[in-house]
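Summary of structural features
The residues making up each chain are set out below.
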Amino acid sequence: MEKISMNDIRRKNYSDVYRLIYRERRISKSKIASALEMSLPTVTQHLSALEEEGLIEKQGQMASGIGRKAAAYSIRPEARVAVGVEVLPRQAAAVAIDLYGTVIAKKERLLTFSQEDAYFQSLAGLIREALHDAGVSDGAVLGAGIGMQGLVTENGREMLYGKILGCTGLTVKPLEEQLPFPIRFVHDAECAAELERWRHPELADAVYLSLGEHLGGAMISDGKIQRGRTGRTGTFEHMTLVEGGRQCYCGKLGCMERYCSADALLRDGETLADFFALLRKGDGKYRERWTEYLSWLAMALNNIHMVMDSVIVLGGHVAPYLLQDDLDRLFAVIQERTAFPESENFLRLGVQEDDIIATGAAIPFVCSFLGAV
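Now for a quick tour of the structure. Everything quoted here is computed from the prediction, not taken from an experiment. (Residues numbered from 1 in each chain as written. Predicted model: local features only at pLDDT ≥ 70, side-chain atom pairs only at ≥ 80, totals over all residues. Heavy atoms only, no water.)

Further remarks concern the pattern of salt bridges. Under the criterion given, the structure shown has 15 salt bridges. The partner of K12 in a salt bridge is D16, and the shortest N-O contact between them spans 2.7 Å. On the criterion of helical spacing, the pair formed by K12 and D16 is a turn pair, its members being four residues apart in helix α1 (residues 6-24). Across the pair R289 and E270 runs a salt bridge whose closest N-O atoms are separated by 2.5 Å. Residue R289 is found in helix α10 (residues 284-307), and its partner E270 is found in the loop between α8 (262-265) and α9 (272-280); the two are separated by 19 residues along the sequence. Each member of the pair, R289 as well as E270, carries the same accessibility label: buried. Among the charged side chains, a network of salt bridges with common partners joins K106, E108 and D355. (Salt bridge = Lys/Arg side-chain N within 4 Å of Asp/Glu carboxyl O. Helix = DSSP H or I, 4+ residues; strand = E, 2+ residues; numbered from the N terminus. Buried < 20%, exposed > 50% of the residue type's maximum accessible area, 1.4 Å probe, protein only.)

Take a look at the structure:
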């Protein structure tokens, strides 16, 4: 039987105190002692240590109808910060988030992707600008997650597949040479799923499908992103939807990407705003295109739901334009197609906020810190 030392106990108590304050946002010393069944001297010792390390602070007093008001303890959300970056072919955006996942600074720039040193110098400069605006020193930075259009290795150090950006085989080394904290690549669809999981922790099992310019997906199982044996779990975009169909950027024919992405919905020079404005006005041609799109999407979603019988979260660029009527209509088409009709609509819209990919790329660093503190 493994022995548990006094140091192990102290460390656990220290962590328990911090995590309780984190969950409660504001709490008194006596409430901590009661909730964790610790003595007041023990709690006082850990509070002093956490204050010395700059992780918590006294923040006013707790409300009280009688007697002396107790000091309220809160964590310092900006005591540690994580960086997230979204890399696109012609631009990049960097955000700094605090320990509650709140964006506290953002910088974006037109920046054409390349594998030249000058590009990584510019990207590192963008990250530094965001940290400067957040007023954060390097020592407080947990790491930087780089949201990429492609698949990455399990350790996040190399691009396994990056046809959109032409970056297969790229490693984090060029950025590591510019920045003094950990760097990880993250598949962009997994970034979005990470943020979805963070904002909705009750979402233990779900499929996330990003209806972006390019399609992307991720699977959440038991509250965690599932990557699979080779990191390809959730790559629904390359499932064959039509044998011998439209050509995909991967080189194959009939991929779901070519029927269900935002790019598949639009025509040359058209924007999603243009499309949905005319659709909502009742333009017949746009209604026909929308019906066709929903038909393909319903086929794909039914196939996915047959594999993973769970909630399907729809995100990406198309999602903000979707109405509940669209979800109901899409579900009705799925019901007509499926062998197992359901009474309850399992489709839901994903988080609607700015910088989903960049914020989601930073979230794993915060999760790691909270798990190790």
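Next, the rest of the story.
Here the focus is the packing of α1 against helix α2 (residues 29-36). In the contact formed by α1 and α2, the axes pass within 11 Å of each other and the chain directions differ by 115°. The two elements α1 and α2 meet at a crossing, and its hand is right-handed. Two secondary-structure elements touch here, α1 through D16, V17, L20 and I21 and α2 through I32, A35 and L36. Class assignment for the residues of the contact of α1 with α2 results in six nonpolar, no polar and one charged. (Axes fitted to C-alpha atoms, helices over the stretch in contact; angles between N-to-C directions. Left-handed = near helix turned anticlockwise from the far one by under 90°. Contact = heavy atoms within 4.5 Å. Nonpolar A, V, L, I, M, F, W, Y, C, P; charged D, E, K, R; others polar.)

This next bit is on the sheet that holds strand β9 (residues 183-187). Spatially, the five strands line up as an open sheet ordered β5-β4-β3-β6-β9, and their pairing is mixed. If you trace the sheet from one side to the other, it starts and ends with β5 (103-110) and β9, each paired once. Sheet twist, expressed as the average angle between the axes of neighbouring strands with direction ignored, equals 20°. With respect to the sheet, helix α6 (residues 188-199) is in contact with β6 (141-148) and β9, its orientation differing from that of β9 by roughly 90°. (Pairing = 2+ DSSP bridges.)

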